[in-house]
Amino acid sequence: QVQLQESGPGLVKPSETLSLTCSVSGGSISTYYWSWIRQPPGKGLEWIGYAHYTGSTNFNPSLKSRVTISIDRSKDQFSLTLSSVTAADTAFYFCTRGSRSPFGSFSFDSWGQGTLVTVSS
Amino acid sequence: QSALTQPASVSGSPGQSITFSCNESSSDIGTYNLVSWYQQYPGKAPKLLIYEGGKRPSGVSNRFFGSKSGNTASLTISGLQTEDEADYYCSSYTGTNTLVVFGAGTKLTV
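The rules behind the values
Residues numbered from 1 in each chain as written. Chains lettered and ligands numbered in written order. Predicted model: local features only at pLDDT ≥ 70, side-chain atom pairs only at ≥ 80, totals over all residues. Heavy atoms only, no water. Pairing = 2+ DSSP bridges. Helix = DSSP H or I, 4+ residues; strand = E, 2+ residues; numbered from the N terminus. Buried < 20%, exposed > 50% of the residue type's maximum accessible area, 1.4 Å probe, protein only. Salt bridge = Lys/Arg side-chain N within 4 Å of Asp/Glu carboxyl O. Contact = heavy atoms within 4.5 Å.

Enquirer: Would you mind going over the sheet that holds strand S1 (residues 4–5) of chain B with me for this structure?
Expert: As a general point, the strands of a sheet are linked pairwise by backbone hydrogen bonds and lie either parallel or antiparallel. Residues and elements named next belong to chain B. If you trace the 4 strands from one edge of the open sheet to the other, you get S1-S3-S7-S6, paired in antiparallel fashion. Two strands lie at the open edges of the sheet, namely S1 and strand S6 (64–69), each paired on one side alone. Sheet analysis places S6 next to strand S7 (residues 72–77), joined by 6 bridges and oriented antiparallel. In the strand pairing of S7, Ser67 is matched with Ser74.

Following this line, the structure appears as structure tokens:
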């Protein structure tokens, strides 16, 4: 049973860079689409993007200019960086394992518990 | 970019069947039903209930059933239980710029 665990600062100052890491245990980091999804408190889910073990990435166009997602296969970890943050980036950030269907759709079957990142000075 | 529309809330009584709708503005759902459904309890991570329209991951109760009609995907819960009280989100593949889109979620009250 794969398990995911987010780690990183819970408080980031405006205009700075948010950095989170997800540690994967109980399964290989190969094959799947390792994704980040966020949820502002009391609101809905927003897909941020994914990194595939082959090196391919894809991001939500609304965040694309500020987002990087990378995989460290040697550590079974993947990371998120989001630059130039504002209060609107305050949210619970979830790391997830995604699968892609033959038709292109994604589903996320394993999730970290989520970590709250607050953007405030 | 297509949008997924979900009702804000639904309610039901124990033992009943209840259906959540997820309407997509473009024609993607009508073509393949690529929708996934997630259940989320307060303060917890979402859990995958249905993928590719109607498939259930191992361990998910067969009380959860996914389907589609035209541009509307649906999640039906049969034999409603108090533990089903949660938020339910649909997600789909747009095939365009944003690969993954979520609906705003429906709050189920039992």
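Enquirer: Where do I start with the pairing of strand S10 (residues 106–111) of chain A in this structure?
Expert: Across a regular strand the side chains alternate sides, sitting on one face of the sheet and then on the other. Residues and elements named next belong to chain A. Within S10, 5 of the 6 residues are buried, which leaves the element mostly enclosed by the surrounding structure. Sheet analysis places strand S9 (residues 91–100) next to S10, joined by 5 bridges and oriented antiparallel. Paired with Gly98 across the bridge in S10 is Phe108. Hairpin geometry of S9 and S10 is characterised by an intervening segment of 5 residues between the two adjacent antiparallel strands and by a positive phi of about 105 degrees at Gly104.

Enquirer: It is not clear to me how the pattern of salt bridges should be interpreted in this structure. Could you clarify?
Expert: A complete count under the given rule lists 6 salt bridges over all chains for this structure. Between A:Arg38 and A:Asp89 there is a salt bridge, with its nearest N and O atoms 2.8 Å apart. A residue pair is termed long-range when its members are at least 10 positions apart, and A:Arg38 in strand S4 (residues 33–39) and A:Asp89 in the loop between strand S8 (77–82) and S9 qualify at 51 residues. Judged on exposure class, the residue A:Arg38 and its partner A:Asp89 are both buried. Residue B:Glu52 pairs with B:Lys55 through a salt bridge whose shortest N-O separation is 2.8 Å. Residue classification places B:Glu52 among the partly exposed residues on the basis of a relative accessible area of 24%. Among the residues examined, B:Lys55 registers a relative accessible area of 41% and is labelled partly exposed.

Enquirer: Quick question: what am I supposed to make of unusual backbone geometry here?
Expert: Residues apart from glycine generally show negative phi values, whereas peptide bonds are mostly found in trans. Residue and element names in this part refer to chain A. In this structure, Thr31 takes a positive phi of about 80 degrees despite not being glycine. Checked against the element boundaries, Thr31 lands in the loop between strand S3 (18–25) and S4. Relative accessible area serves as the criterion here: at 52%, Thr31 is assigned to the exposed category. Residues other than glycine seldom take positive phi values, yet Asp76 does so here, at roughly 55 degrees. Along the chain, Asp76 turns up in the loop between strand S7 (67–72) and S8.

Enquirer: In this structure, what is going on with the side chain of A:Thr115? I would like to understand it.
Expert: Positionally, A:Thr115 belongs in strand S11 (residues 115–119). Excluding its chain neighbours within four sequence positions, the residues that come into contact with A:Thr115 are A:Glu6, A:Leu20, A:Ala91, A:Phe92 and A:Tyr93.

Enquirer: Please explain the environment of A:Pro14 as it appears in this structure.
Expert: All names here are of chain A. Tracing the backbone through its elements, the reader meets Pro14 in the loop between strand S2 (11–12) and S3. The class of Pro14 is partly exposed, set by a relative accessible area of 37%. Sequence separation between Pro14 and Ser121 is 107 residues, and the spatial gap between their C-alpha atoms is 6.3 Å. Other than its neighbours up to four places away in sequence, Pro14 contacts Val85, Val119, Ser120 and Ser121.

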